[in-house]
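# Chains, contacts and geometry: an overview
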Amino acid sequence: MPVSLALQVIGGSWETAVGQAAITSEPTGFGRDYWHPLRETVMPLIHDETVRTQLRKRVESLSPQAKRRWGKMSIDQMLWHCNEWLEMALGRHKPQEGRSAPIPKPMLKFMVLRLPWPKGAPTAPGFEAVKQHSFSTEKAKMLRLIDEIGTRDCAGSWPESPAFGKMSGKDWSHLMARHLDHHLKQFSA
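Residues numbered from 1 in each chain as written. Predicted model: local features only at pLDDT ≥ 70, side-chain atom pairs only at ≥ 80, totals over all residues. Heavy atoms only, no water.

### Overview of helix α5 (residues 105–114)
Quick note on the threshold: Exposure classes here rest on a 1.4 Å probe applied to the protein chains alone. A residue is buried below 20% of its type maximum, exposed above 50%, and partly exposed in between. A run of H or I in DSSP becomes a helix once it reaches four residues, and a run of E becomes a strand once it reaches two; helices and strands are each numbered from the N terminus. Directions from the helix axis toward the C-beta atoms define the arc. Whether two residues touch is decided by their heavy atoms; if any such pair falls within 4.5 Å, the residues are in contact.
Every buried residue of α5 is listed here: Leu108, Lys109, Val112 and Leu113. Here the buried residues of α5 occupy an arc of 125 degrees about the axis, which is enough to place them on one side. Buried positions along α5 lie against α7 (169–186).

### Things to note about the confidence of the model for the chain
What counts here: Note on scores: pLDDT gives the predictor's confidence for each residue, bounded by 0 and 100.
Model confidence for the chain is summarised by a mean pLDDT of 80, while 75% of its residues fall at 70 or above. Per-element mean pLDDT across the chain ranges from 35 in helix α2 (residues 14–23) up to 97 in helix α6 (residues 135–151). Under a pLDDT of 50 for its full length, residues 1–37 has, in the predicted model, 33 contacts with residues more than four places off or in other chains.

### Some thoughts on the pattern of salt bridges
When charged atoms on two side chains of opposite charge get close, those side chains can pair. Put simply, the rule reads: Salt bridges are identified by distance alone: a Lys or Arg side-chain nitrogen within 4 Å of an Asp or Glu carboxyl oxygen.
Enumeration over the complete set of coordinates arrives at eight salt bridges. The closest approach of N and O atoms between Asp171 and Lys109, which form a salt bridge, is 2.8 Å. Residue Asp171 is located in helix α7, and its partner Lys109 is located in helix α5; the two are separated by 62 residues in the primary sequence. A relative accessible area of 18% places Lys109 in the buried class. The salt bridge partner of Asp181 is Lys185, with a shortest N-O separation of 3.2 Å.

### Structural notes on the packing of aromatic side chains
Quick note on the threshold: Two rings from Phe, Tyr or Trp (for Trp, the six-membered ring) form a pair when their centres sit within 6.5 Å of each other. Planes less than 30 degrees apart are called stacked, planes more than 60 degrees apart edge-to-face, and all others tilted. The rule for a charge over a ring is simple: NZ of Lys or CZ of Arg within 6 Å of the ring centre, and within 35 degrees of the ring normal.
Counted according to the given criterion, the structure contains one aromatic pair. Between Trp85 and Phe127, the ring centres sit 4.4 Å apart and the planes meet at 25 degrees, which makes this aromatic pair stacked. Separated by 42 residues along the polypeptide, Trp85 in helix α4 (residues 75–89) and Phe127 in the loop between α5 and α6 bring together distant segments of the chain. Looking at Trp85, the relative accessible area reads 12%, which means it is buried. Between Arg152 and the ring centre of Trp158, over which it is positioned, the NZ or CZ distance is 4.3 Å.

### Let's talk about a nonpolar patch on the surface
Rules: The residues that make up patches have over 30% relative accessible area and no salt bridge, and they are joined within 9 Å when like-charged or within 5 Å when they are Val, Leu, Ile, Met, Phe, Trp or Tyr. Each accessible area value is a Shrake-Rupley result obtained with a 1.4 Å probe; residue values ignore everything except the protein chains displayed when judging cover.
On the surface, a nonpolar cluster with roughly 250 Å² of combined accessible area is contributed by Met107, Phe110 and Met111. The topology assignment puts Phe110 in helix α5.

### Notes on α4
So the rule is basically this: In this analysis, the expected span of each helix is defined as 1.5 Å times one less than the number of residues it contains.
Compared with the 21 Å implied by 1.5 Å per residue over 15 residues, the 21 Å span of α4 between its first and last C-alpha is a close match. With 15 of 15 residues buried, α4 lies mostly within the body of the structure. Just downstream of α4, Gly91 is the residue with a positive phi angle, here 85 degrees.

### Structural notes on the side chain of Arg58
Basically, it comes down to this: In protein, a polar contact requires one atom able to donate a hydrogen and another able to accept it; more generally it is a pair of N or O atoms within 3.5 Å, and residues adjacent in sequence count only if both atoms are side-chain atoms.
Within the fold, Arg58 resides in helix α3 (residues 49–60). Here the side chain of Arg58 touches Ala189 through a polar contact of 3.0 Å, landing on its backbone oxygen. Arg58 has contacts with Asp181, Leu184, Lys185 and Ala189, leaving out every residue within four places of it along the chain.

### Digging into the environment of Ala155
Mapped onto the secondary structure, Ala155 falls in the loop between α6 and α7. Here Ala155 falls in the exposed class, since its relative accessible area comes to 73%. For the pair Ala155 and Lys170, spaced 15 residues apart in sequence, the C-alpha separation works out to 7.7 Å.

### Observations concerning the packing of α4 against α7
Axis angle and axis distance: for two packed helices, these are the angle between their axes and the distance between the axes, and together they describe the pair. Formally: Angles shown run from 0 to 180 degrees and are taken between the N-to-C directions of axes, each axis being a line fitted to C-alpha atoms and, for helices, limited to the stretch in contact. Comment on the angle field: the value is read as roughly parallel under 35 degrees, roughly antiparallel over 145, roughly perpendicular from 65 to 115, and oblique elsewhere. Any residue that is not Ala, Val, Leu, Ile, Met, Phe, Trp, Tyr, Cys, Pro, Asp, Glu, Lys or Arg is counted as polar, Gly included; the first ten are nonpolar and the last four charged.
Two numbers describe how α4 lies on α7: the axes approach to 10 Å, and their chain directions differ by 180 degrees. Taken together, the axes of α4 and α7 lie roughly antiparallel to each other. Residues Met78, His81, Cys82, Trp85, Leu86, Met88 and Ala89 of α4 touch α7, and the partners they reach there are Trp172, Met176, His179, Leu180, His183 and Gln186. Here the contact of α4 with α7 is composed, by residue class, of nine nonpolar, four polar and no charged.

This is the structure we're talking about:
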């Protein structure tokens, strides 16, 4: 990724990055121990009680009459779709095998966790909502799953993702926070 794009993503400047690199005491080199501007981004986690509370309030504000701003899913389908992802993060949903991405899993994982998401991107196989669901049932389930993920040991064992490979609790917590935020914005919540 070009440095200028990376700095745009984190909202920084070259001078800030160079200044930070100059004052860091971390060694430079190839490995996890070198400074990189994209590591400085804030990663909201469902494990953060403030983030979890905000997500819950936004879910609670949804009504069956909510209108989508983009995409094809209705509000009940969006809730079902997100719940399937939350269940996968907990290891209870195994998605059907689909085509693999044309890029390596670690790169795809980096992109999904760190880069902006486009509106209306295609949904992974097994997560496409094709029928109507009970709004109240799916909403209650989502609130329960948010709490279940948020109170699970982040440092414990978490399932591997078929699309992104090995995922830590922090990775899942961040991915689910981003995914919920994306779809709640889709319905103006």
